[in-house]
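A look at the structure
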Amino acid sequence: MATTTPARPVHPVDEVPPVRQLAAFGLQHVLAMYAGAVAVPLIVGSAMKLSPADMAYLITADLLLCGIATLIQCVGFWRFGVRLPIMQGCTFAAVSPMVLIGTGGGGLPAIYGSVIVAGLAIILLAPVFGKLLRFFPPLVTGTVILIIGLSLLPVAGNWAAGGAGAEDFGEPKNVALAAFVLAVVLGVQRFAPVFLRRIAVLIGIAVGLAVAVPFGFTDFGGVGDADWLGISTPFHFGAPTFEASAIASMLVVALVTMTETTGDFIAVGEMTGRKVEPRPLADGLRADGLSTVLGGVFNTFPYTAYAQNVGLVGMTRVRSRWVVAAAGGMLVLLGLLPKLGAVVAAIPAPVLGGAGLVMFGTVAASGLRTLAQVDFKGNDNLTVVAVSVAVGMLPVGVPTVYGKFPDWFQTVMNSGISAGCLTAIVLNLLFNHLPSKGSSKGGSAAPEADGLASGGGQDAGEKSREEIV
């Protein structure tokens, strides 16, 4: 008698929810990242004093490529795409170098030439980064995830106060609206049925928008002015130019974004239960490089994983990559239909701020959960975490701390995520991989009473994990 082999269970990352849930969950991801996605073209375009028409073109091109980059990352093809619920957007690490390039005489063509070269460099370096995964044990990954969450909280704070640069920034009514949205999200999370809990952020934003309209928080004037159809064409602002100084600064940005993206991939892998191995990591970074090349061709900027959506994955516990792929499809529509994009852009900043506090706090809490796996007794692991978090928070708390340093140094260290990540990697190597005094293989010295300053050993569990990798 023939026997049928049982079907292999589908991993939650690969599950395809019903269409209704795909739409709701995907819209949450779009709303979570929209403000950040349009911020980069707005900042660069404003610094270069572009016309309103050119600014609108940059935004629609950016939304279109955000969607395409997200689809490449989530769905994947051949050796491109990490195939995890990763939302893609323009990296803020590139803002300062691009402004310097654009206003220094090179203009947009010089920016796009350097972006294309940086994208190609990421594709070539992706396998190298994949082999470095063993230097990201839970001690490092937990610290990086914690820094990601903490560095994003000021963004939510700015939104809650009305949005950076707003005339009514800090008005009590803005903070009150953000607090109301936060209360709605928490209420849904606590008392609603399971499905509604998973779209708690979307419900909070919808209710907050409904309250904001009669109180005059919203301005839908831009919706009427927006076009119905907009298509981004290659090299709209002219053929790219390749200047050595511009390329050099953008290559530094490429290394920074690869470091940040690695941290985001590992964070999502922890949350979804699908550990990121060297090959998927390389595939994901390769997808970043391809999207960055496409960005240079289609008049936009370098792309990376968006940490705010990492928090949304952790909060909602919706692990399907197809949900984020649906969000990518929505971004493509927003890029092709500027009028729809104008509707989303009309959501007041305090509404996003209330939701952002929950999402970004969730990222930080996920880092603490990862650090709970680490042994802090009789070693220097607490010192690694303490110093890495301090270095990562320095540019967040004091944005001008590196203002007198060279541009390349600012590019690396002004990003709290990359600064903290690099510090954690170096300190982990220093304390847990290099031989310590009086020990031939870096074993632990005698622990001190508080566990802060002792020898260099890492816990046996972490060592075995690294050796296996």
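Not measured: the values here are computed from a predicted model. Along each chain, the written sequence defines residue order, and numbers are assigned to residues from 1. Totals for whole chains, interfaces and linings use every residue, but because this is a predicted model, local features are given only for residues with pLDDT of at least 70 and side-chain atom pairs only at 80 or more, for both listing and counting. Hydrogens and water are ignored here; the side-chain numbers use all heavy atoms of the structure.

1. Examining the overall build of the chain
For the record, the criterion: Secondary structure is summarised from DSSP: a helix means a run of H or I of at least four residues, a strand means a run of E of at least two, and numbering begins at the N terminus for each. In this scheme, a residue with accessible area under 20% of its type's maximum is buried, one over 50% is exposed, and one in between is partly exposed, where area comes from a 1.4 Å probe on protein chains only. In this description, contact between two residues means that some pair of their heavy atoms is separated by no more than 4.5 Å. The protein chains shown are the only cover counted for residues, whose accessible areas, like all others here, come from Shrake-Rupley with a 1.4 Å probe.
Counting its regular elements, the chain contains 18 helices and two strands. Going through the 469 residues of the chain one by one, you find that 55% of them count as buried. Pairs at least 24 residues apart make up 82% of the contacts formed inside the chain by residues separated by at least 6 positions. Of the roughly 19,800 Å² of accessible surface on the chain, a fraction of 68% belongs to carbon and sulfur atoms.

2. Quick notes on the packing of aromatic side chains
Aromatic ring pairs are reported here in terms of the distance separating the ring centres and the angle at which the planes meet. Formally: What counts as a ring pair is set by centres within 6.5 Å for rings of Phe, Tyr and Trp (its six-membered ring), and what kind of pair is set by the plane angle: stacked under 30 degrees, edge-to-face over 60, tilted for all other angles.
Under the criterion given, the structure shown has four aromatic pairs. With a centroid separation of 6.1 Å and an interplanar angle of 40°, the aromatic rings of W78 and F80 are classed as tilted. Exposure remark for W78: the relative accessible area of 69% places this residue in the exposed category. Judged by centre distance (5.5 Å) and plane angle (85°), the ring pair of Y402 and F405 falls under edge-to-face.

3. Thoughts on a positive patch on the surface
Cut-off, in case you're wondering: A patch consists of residues exposed above 30% relative accessible area that lack any salt bridge, with like charges linked at up to 9 Å and nonpolar side chains (Val, Leu, Ile, Met, Phe, Trp, Tyr) linked at up to 5 Å. When a carboxyl oxygen of Asp or Glu is within 4 Å of a side-chain nitrogen of Lys or Arg, the pair counts as a salt bridge. His is not counted, nor are the chain ends; Lys and Arg add positive charge and Asp and Glu add negative charge. Where a charge lies is defined by one atom per residue type: Lys uses NZ, Arg uses CZ, Asp uses CG and Glu uses CD.
On the surface, R190, R197, R317 and R369 cluster together to form a positively charged patch. Checked against the element boundaries, R197 lands in helix α6 (residues 194-198).

4. Concerning the pattern of salt bridges
One pass over the structure, following the stated rule, counts five salt bridges. The partner of D14 in a salt bridge is R274, with the nearest N and O atoms 2.6 Å apart. Here R274 lies in the loop between α9 (244-272) and α10 (278-297) and D14 lies in the segment before α1 (19-47), a separation of 260 residues in the sequence. We classify D14 as partly exposed; its relative accessible area is 24%. For D283, the salt bridge identified is with R286, shortest N-O distance 2.9 Å. One end of the pair, D283, and the other, R286, are both in helix α10, three residues apart, so they sit about a helical turn from each other. Take D283 and R286: they sit in the same class, and that class is buried. One continuous salt-bridge network, built from bridges that share partners, spans D14, R274 and R321.

5. Some thoughts on unusual backbone geometry
Within the chain, W78 stands out as a residue other than glycine whose phi angle is a positive 50°. Note that W78 resides in the loop between α2 (52-74) and β1 (88-90).

6. Focus: helix α5 (residues 172-191)
For clarity, the threshold we go by: To estimate how far a helix should reach, multiply one less than its number of residues by 1.5 Å. Directions are taken from the helix axis to each C-beta atom, and the arc is the one they span.
Between its terminal C-alpha atoms α5 stretches 28 Å, which fits the 28 Å expected from 20 residues at 1.5 Å a residue. Looking only at α5, the buried set comprises N174, L177, A178, V181, V184, V185 and V188. Along the axis of α5, the buried positions cluster into a sector of 115°, meaning they face one direction only. Projecting away from the buried face of α5 at angles above 90 degrees are the exposed residues P172, R190 and F191. Tucked inside the fold, the buried residues of α5 contact α4 (138-160), α6, α7 (200-212), α11 (307-316) and α14 (349-371).

7. Digging into the packing of α4 against α14
Test applied: Simply put, an axis is a line fit to the C-alpha atoms, just over the touching stretch for a helix, and the angle between two N-to-C directions goes from 0 to 180 degrees. Note that the term roughly parallel is reserved for angles under 35 degrees, roughly antiparallel for angles over 145, roughly perpendicular for angles of 65 to 115, and oblique for everything else. Take the far helix as your reference; a near helix turned counterclockwise from it by less than a right angle gives a left-handed crossing, and one turned clockwise gives a right-handed crossing. Three classes are used, and their members are as follows: Ala, Val, Leu, Ile, Met, Phe, Trp, Tyr, Cys and Pro are nonpolar, Asp, Glu, Lys and Arg are charged, and the others, Gly among them, are polar.
Remark: α4 packs on α14, axes separated minimally by 7 Å, with the N-to-C direction vectors making an angle of 165°. Compared by their axis directions, α4 and α14 come out roughly antiparallel. As α4 packs across α14, the resulting crossing turns out to be left-handed. For the contact of α4 with α14, a count of residues per class yields 21 nonpolar, ten polar and no charged.

8. Thoughts on the nonpolar core
To keep it simple, the criterion reads: The set of buried Ala, Val, Leu, Ile, Met, Phe, Trp, Tyr and Cys residues whose side-chain atoms join them within 4.5 Å is what this entry labels a nonpolar core.
Core analysis: the largest hydrophobic core is formed by 113 residues, its most contacted members being M98, I111 and F301. Among the elements that take part in this core, helix α3 (residues 95-130) stands out by supplying 13 residues, more than any other. Those residues within four positions of F301 in sequence are excluded, and the remaining contacts are V40, P41, V44, L58, C90, M98, I111, Y112, V115 and G295. One finds L146, L371, V385 and L427 within the second-largest nonpolar core, a separate group that totals ten residues.

9. Structural notes on a nonpolar patch on the surface
Taken together, the side chains of L125, V128, L132 and L255 present a nonpolar region at the surface, about 300 Å² in accessible area. Along the polypeptide, L125 turns up in helix α3. Judged by its relative accessible area of 33%, L125 is partly exposed.

10. With respect to the environment of F265
Looking at the secondary structure, you find F265 in helix α9. Residue F265 is classed as buried on the basis of its relative accessible area of 0%. Between the C-alpha atoms of F265 and P280, which are 15 residues apart in sequence, the distance is 9.4 Å.

11. Details of the environment of Q73
Spelled out, the test is: Whenever two N or O atoms come within 3.5 Å, that pair is a polar contact, provided that in protein one can donate a hydrogen and the other can accept it, and provided that, for residues adjacent in sequence, both atoms are side-chain atoms.
Inspection of the secondary structure assignment puts Q73 in helix α2. Given a relative accessible area of 0%, Q73 falls into the buried group. Sequence-distant contacts of Q73, defined by excluding residues within four places in its chain, comprise G81, V82, R83, L84, I86, Q88, F265, G284, A287 and D288. Of note is the side chain of Q73, whose polar atom sits 3.2 Å from the side chain of D288.

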